[in-house]
Amino acid sequence: MPAYKRILLKLSGEALMGDDAYGINRGTIVRMVREVQEITNLGCEVAVVIGGGNIFRGVAGGSVGMDRATADYMGMLATVMNSLALADTMRQEGMTARVMSAISIEQVVEPYVRPKALQYLEEGKIVVFAAGTGNPFFTTDTAAALRGAEIGAEVVLKATKVDGVYSADPNKDPTATRYATIGFDEAISKNLQVMDAAAFALCRDQKLPIRVFSINKPGALKRVVLGQDEGTLVHV
Ligand SMILES: Nc1ncnc2c1ncn2[C@@H]1O[C@H](COP(=O)(O)OP(=O)(O)O)[C@@H](O)[C@H]1O
Ligand SMILES: O=c1ccn([C@@H]2O[C@H](COP(=O)(O)OP(=O)(O)O)[C@@H](O)[C@H]2O)c(=O)[nH]1
């Protein structure tokens, strides 16, 4: 029995590269999709937000002198590409997915319309939310928090390159230790960078818990959905 009826899964765009230098690694995307299939088979309704860092990050564009908002729109378009790739891989694996975009690009994907997204979820289809929040200066983590709240998800699952929330960035500080659970207020006040403060604050206000876990650990997503101890729970 899954611990959750409806979840919002945030997949790292950057992790899609696998061991490649950029872009979408075939083996990696297929593996991610099969893990999602396992949890839909458990009877879980799944909505997905995927990042774009494997193709373009607004902060990176901004740092080389590009207009930040323009760079962010490029980042949002990168998430549309990843969303299309993800939904197509789902189709190949026998699942039904629908991509909905926060920015209108109607010849390519349908626009985000909340009641329609809810309908798809009730029909057992996987909904992939593309283009983040549709606004520059935000991230796909914020989009995950926003859409998670909108669809009434019971939890936001952040599948990322680290296996949880640490006391400091574990890639920079080898003495950092992992939290089993942490409150939103503590995560925000300690300025833990695993997710941006806007995403944390939105989830805190909506009482929507977040679980952070490794995207590279086989079976971790299923363990999380079954309510087993995995990664870090960020709670109210
Ligand atoms: N306190 C922390 N705990 C865990 N990871 C952290 C922390 N601070 C910074 N990080 C970094 O945050 C990264 C995950 O965030 P991000 O780059 O936004 O991932 P994603 O591609 O999943 O959106 C990790 O790879 C890690 O290096
Ligand atoms: O609501 C949003 C979501 C995303 N982005 C842009 O899209 C990029 C890709 O998303 P993100 O960095 O969150 O992807 P990930 O970390 O998962 O690879 C971001 O850097 C932003 O430039 C944005 O401007 N608004």
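Structure's up top.
Residues numbered from 1 in each chain as written. Chains lettered and ligands numbered in written order. Predicted model: local features only at pLDDT ≥ 70, side-chain atom pairs only at ≥ 80, totals over all residues. Heavy atoms only, no water.

Chemist: Lay out the layout of surface pockets in plain terms, naming residues and giving numbers.
Modeler: If you add up the space inside the largest pocket, you get close to 1100 Å³. As for the largest pocket, its lining consists of 48 residues, of which Arg57, Thr139, Asp141, Lys158 and Val194 are closest to the centre. Counting residues per element, the ones that place at least two in the lining of the largest pocket are helix H2 (58-63), helix H3 (68-92), helix H5 (140-150), strand S6 (155-160), helix H6 (184-189) and helix H7 (197-205). In terms of residue count, the dominant contributor to the lining of the largest pocket is H3 (five residues). (1 Å grid on protein atoms, 1.4 Å probe; cavity = no way out; pocket = protein on both sides within 12 Å on 5 of 7 lines; lining within 4 Å. Points joined across faces, edges and corners; volume = space filled by probe spheres on them. Helix = DSSP H or I, 4+ residues; strand = E, 2+ residues; numbered from the N terminus.)

Chemist: With reference to specific residues and values, describe the environment of lysine 158.
Modeler: Within the secondary structure, lysine 158 is located in strand S6. Separated by 102 residues in the primary sequence, lysine 158 and phenylalanine 56 place their C-alpha atoms 19 Å from one another. Ignoring sequence-local partners within four residues, the contact set of lysine 158 consists of Lys10, Asp141, Val194, Met195, Arg211, Val212 and Phe213. Here aspartate 141 takes part through its side chain, which lies 2.9 Å from a polar atom of the side chain of lysine 158. (Contact = heavy atoms within 4.5 Å. Polar contact = N/O pair within 3.5 Å; in protein donor to acceptor, adjacent residues only side chain to side chain.)

Chemist: Explain the site of ligand 2 to me, and be specific about the residues and the numbers.
Modeler: Inspection of the region around ligand 2 gives 20 residues, with Arg57, Asp72, Thr133, Asn135 and Thr140 positioned closest. Between an oxygen atom of ligand 2 and a main-chain N or O atom of glycine 52, the distance comes to 3.0 Å. Here an oxygen atom of ligand 2 and a backbone polar atom of glycine 75 are 3.4 Å apart. The protein chains hide 95% of the 520 Å² of surface that ligand 2 would expose on its own. The pocket occupied by ligand 2, as judged from atoms lying within 2 Å of grid points, is the largest pocket. In terms of residue count, H3 provides more of the shell around ligand 2 than any other element does, three residues in total. (Near = heavy atom within 4 Å. Areas by Shrake-Rupley, 256 points an atom, 1.4 Å probe, with all protein chains shown as cover. Sits in = over half its atoms within 2 Å of the grid points.)

Chemist: Summarise helix H4 (residues 114-122); cite the residues concerned and give the values.
Modeler: For H4, the full list of buried residues reads Ala117, Leu118, Tyr120 and Leu121. Buried residues along H4 cover an arc of 160° about the axis, so they all sit on one side. Turned more than 90 degrees away from the buried face of H4 sit Pro115 and Glu122, all of them exposed. Against strand S1 (6-11), strand S2 (45-50), strand S3 (97-101), strand S4 (110-111) and strand S5 (126-130) lie the buried residues of H4. A positive phi of about 85° marks glycine 124, the residue just after H4. (Buried < 20%, exposed > 50% of the residue type's maximum accessible area, 1.4 Å probe, protein only. Arc of directions from axis to C-beta.)

Chemist: Quick one: what's the story with the pairing of S5, residue by residue and with numbers?
Modeler: Of all five residues in S5, five are buried; the element is thus mostly enclosed. What you see with S5 is no split at all: Ile126, Val128 and Ala130 on one side and Val127 and Phe129 on the other are buried throughout. As judged from the three bridges shared by S2 and S5, these two strands associate in the parallel manner. Residue pairing in the sheet places alanine 47 in a bridge with valine 127 of S5. Bridge analysis of S3 against S5 gives five bridges, and the strand direction is parallel. Bridge pairing in S5 links serine 101 to alanine 130. (Pairing = 2+ DSSP bridges.)

Chemist: Just give me the short version of the packing of aromatic side chains, but keep the residues and values in it.
Modeler: Summed over all chains, the structure comprises two aromatic pairs. Between tyrosine 112 and phenylalanine 129, the aromatic rings sit 5.4 Å apart at their centres with planes inclined by 85°, giving edge-to-face as the arrangement. Taken together, the positions of tyrosine 112 in the loop between S4 and H4 and phenylalanine 129 in strand S5 put the pair 17 residues apart, joining distant regions of the chain. Neither tyrosine 112 nor phenylalanine 129 differs from the other in exposure class; each is buried. Both rings, one in phenylalanine 184 and one in phenylalanine 200, keep their centres 6.2 Å apart while their planes meet at 65°; by these two values the pair is edge-to-face. Separated by 16 residues along the polypeptide, phenylalanine 184 in helix H6 and phenylalanine 200 in helix H7 bring together distant segments of the chain. As far as the burial class goes, phenylalanine 184 and phenylalanine 200 line up, both buried. Positioned over the ring face of tyrosine 120 is arginine 98, at 5.6 Å from the centre of the ring. Looking at arginine 147, its charged tip hangs above the ring of phenylalanine 129, at a distance of 5.7 Å from the centre. (Phe/Tyr/Trp six-rings, centres within 6.5 Å; stacked < 30°, edge-to-face > 60°. Lys NZ or Arg CZ within 6 Å of the ring centre and 35° of its normal.)

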